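Summary of the model geometry
Okay, here's what each chain looks like letter by letter:
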Amino acid sequence: MYIDPVGALRAYYEKMARAVGLSELRDASLLSMLTAPIGGIEVPWVLRKYSLNKMLFYQLKRAEANGLGSAFPHDNFVAERKGPVPENIDSDLDRLESAGLIVIRRHDPTQVQHQPWVIELTEQGRAVGRRFFDSTETWFRRATIETKKEILPLNPAKLKARVHSDFPKLRRKYIEVDDS
């Protein structure tokens, strides 16, 4: 008899995601990123949708580096002018906001000065995110926390440079700075 450990871990995460009420399994990675603390301090938000895109990308790349990329439910990434972007990020954010798990403060187009998005967990979102995040393996929590700690403070230009440095193949396609 053969048991695939990655398949078993994926089944475990799918079961945990459903147990906390997530309808889309890829929401687990997004909510985990918003839930992840920095330095032991809760930081249930992300400044800039752009930063969230790149955090989810790095979260997946760290899982892949551990040989576990297919174990954790995640979105597919597409190479865009503004870098690697989760394929379903817009519909996922809209759905999570409608479900009352997150609140998004978007730029007001009537304002002259551009304001980046702030994506934040609601109290319900914190509870769901925490229940799922706490049920994950140590390697995943560590990868998620480290990713958030490294990416959150970077401005769009520095984040673009970091992605170019870490993933040189993306330089040709990733040419535009995103401050959303």
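Quick note: structure is the one above.
Throughout what follows, the structure given in this document is the object of discussion. (Residues numbered from 1 in each chain as written. Predicted model: local features only at pLDDT ≥ 70, side-chain atom pairs only at ≥ 80, totals over all residues. Heavy atoms only, no water.)

What to know about the pairing of strand E3 (residues 83-86)
- Relative to E3, strand E2 (residues 77-80) runs antiparallel, the two sharing four bridges. Bridging from a neighbouring strand, Ala-79 pairs with Pro-84 of E3. (Pairing = 2+ DSSP bridges. Helix = DSSP H or I, 4+ residues; strand = E, 2+ residues; numbered from the N terminus.)

A few points about helix H5 (residues 123-135)
- In this model, H5 (13 residues) spans 19 Å end to end at C-alpha, consistent with the 18 Å of a helix rising 1.5 Å per residue.
- Those residues of H5 that sit buried are Gly-125, Val-128, Gly-129, Phe-132, Phe-133 and Ser-135. Here the buried residues of H5 occupy an arc of 165° about the axis, which is enough to place them on one side.
- The secondary structure elements touched by the buried residues of H5 are helix H1 (5-19), helix H2 (27-35), strand E5 (118-121) and helix H6 (138-151). (Expected span 1.5 Å × (residues − 1). Buried < 20%, exposed > 50% of the residue type's maximum accessible area, 1.4 Å probe, protein only. Arc of directions from axis to C-beta. Contact = heavy atoms within 4.5 Å.)

What to know about the packing of aromatic side chains
- Taken as a whole, this structure holds eleven aromatic pairs when the rule is applied.
- Arranged with centres 5.6 Å apart and planes meeting at 55°, the rings of Tyr-12 and Tyr-13 form a pair that is tilted.
- Classification of Tyr-12 by relative accessible area gives partly exposed; the value is 32%.
- Residues Tyr-58 and Phe-167 carry aromatic rings whose centres are separated by 5.6 Å and whose planes lie at 65° to one another, so their mutual orientation is edge-to-face. Here the residue Tyr-58 occupies a position in helix H3 (residues 49-65), and Phe-167 occupies one in the segment after helix H7 (156-166), the gap between them amounting to 109 residues.
- The side chain of Arg-106 reaches across the aromatic face of Trp-117, ending 5.0 Å from its centre. (Phe/Tyr/Trp six-rings, centres within 6.5 Å; stacked < 30°, edge-to-face > 60°. Lys NZ or Arg CZ within 6 Å of the ring centre and 35° of its normal.)

Some details on unusual backbone geometry
- Residue Arg-48 is not a glycine yet carries a positive backbone phi of 85°.
- Residue class for Arg-48 comes out buried when judged on its relative accessible area of 15%.

Overview of the nonpolar core
- Ranked by size, the top nonpolar core spans 45 residues in total, and within it Leu-30, Leu-31, Leu-52, Leu-93, Ile-102, Ile-119 and Phe-132 carry the most contacts.
- Residue contributions to this core peak at seven residues, all from H3.
- Once residues within four sequence positions are removed from consideration, Phe-132 is found in contact with Tyr-13, Met-16, Ala-17, Val-20, Ala-28, Ser-32 and Phe-72. (Core = buried A, V, L, I, M, F, W, Y, C linked by side-chain atoms within 4.5 Å.)

Quick look at the pattern of salt bridges
- Under the definition given, this model contains 17 salt bridges.
- The partner of Arg-106 in a salt bridge is Asp-94, with the nearest N and O atoms 3.4 Å apart. In this pair, Arg-106 is assigned in the loop between strand E4 (102-105) and E5 and Asp-94 in helix H4 (residues 89-98), connecting sequence segments twelve residues apart.
- Put simply, Glu-123 and Arg-126 hold a salt bridge, and the shortest N to O gap is 3.9 Å. Separated by three residues within a single helix, Glu-123 and Arg-126 lie in helix H5, roughly one turn from each other. (Salt bridge = Lys/Arg side-chain N within 4 Å of Asp/Glu carboxyl O.)

Re H7
- For H7, the full list of buried residues reads Pro-156, Leu-159, Lys-160, Val-163 and His-164. The buried residues of H7 all sit within an arc of 140° when viewed along its axis, so they share a single face. Exposed side chains of H7 directed beyond 90 degrees from the buried face belong to Lys-158 and Ser-165.
- Residues of H7 that are buried sit in contact with H3, E3 and H6.
- The opening residue of H7 is Asn-155, an N-cap whose side-chain oxygen sits 3.1 Å from the backbone nitrogen of Ala-157. (Polar contact = N/O pair within 3.5 Å; in protein donor to acceptor, adjacent residues only side chain to side chain.)

Section: the packing of H2 against H3
- It is at 10 Å that the axes of H2 and H3 come closest, and there the two elements cross at 110°. The orientation of H2 relative to H3 falls into the category roughly perpendicular. Of H3, the residues touching H2 (which contributes Ser-29, Leu-30, Ser-32 and Met-33) are Leu-52, Met-55, Leu-56 and Gln-59.
- Its residues assigned to classes, the contact of H2 with H3 comprises five nonpolar, three polar and no charged. (Axes fitted to C-alpha atoms, helices over the stretch in contact; angles between N-to-C directions. Parallel < 35°, antiparallel > 145°, perpendicular 65-115°, else oblique. Nonpolar A, V, L, I, M, F, W, Y, C, P; charged D, E, K, R; others polar.)

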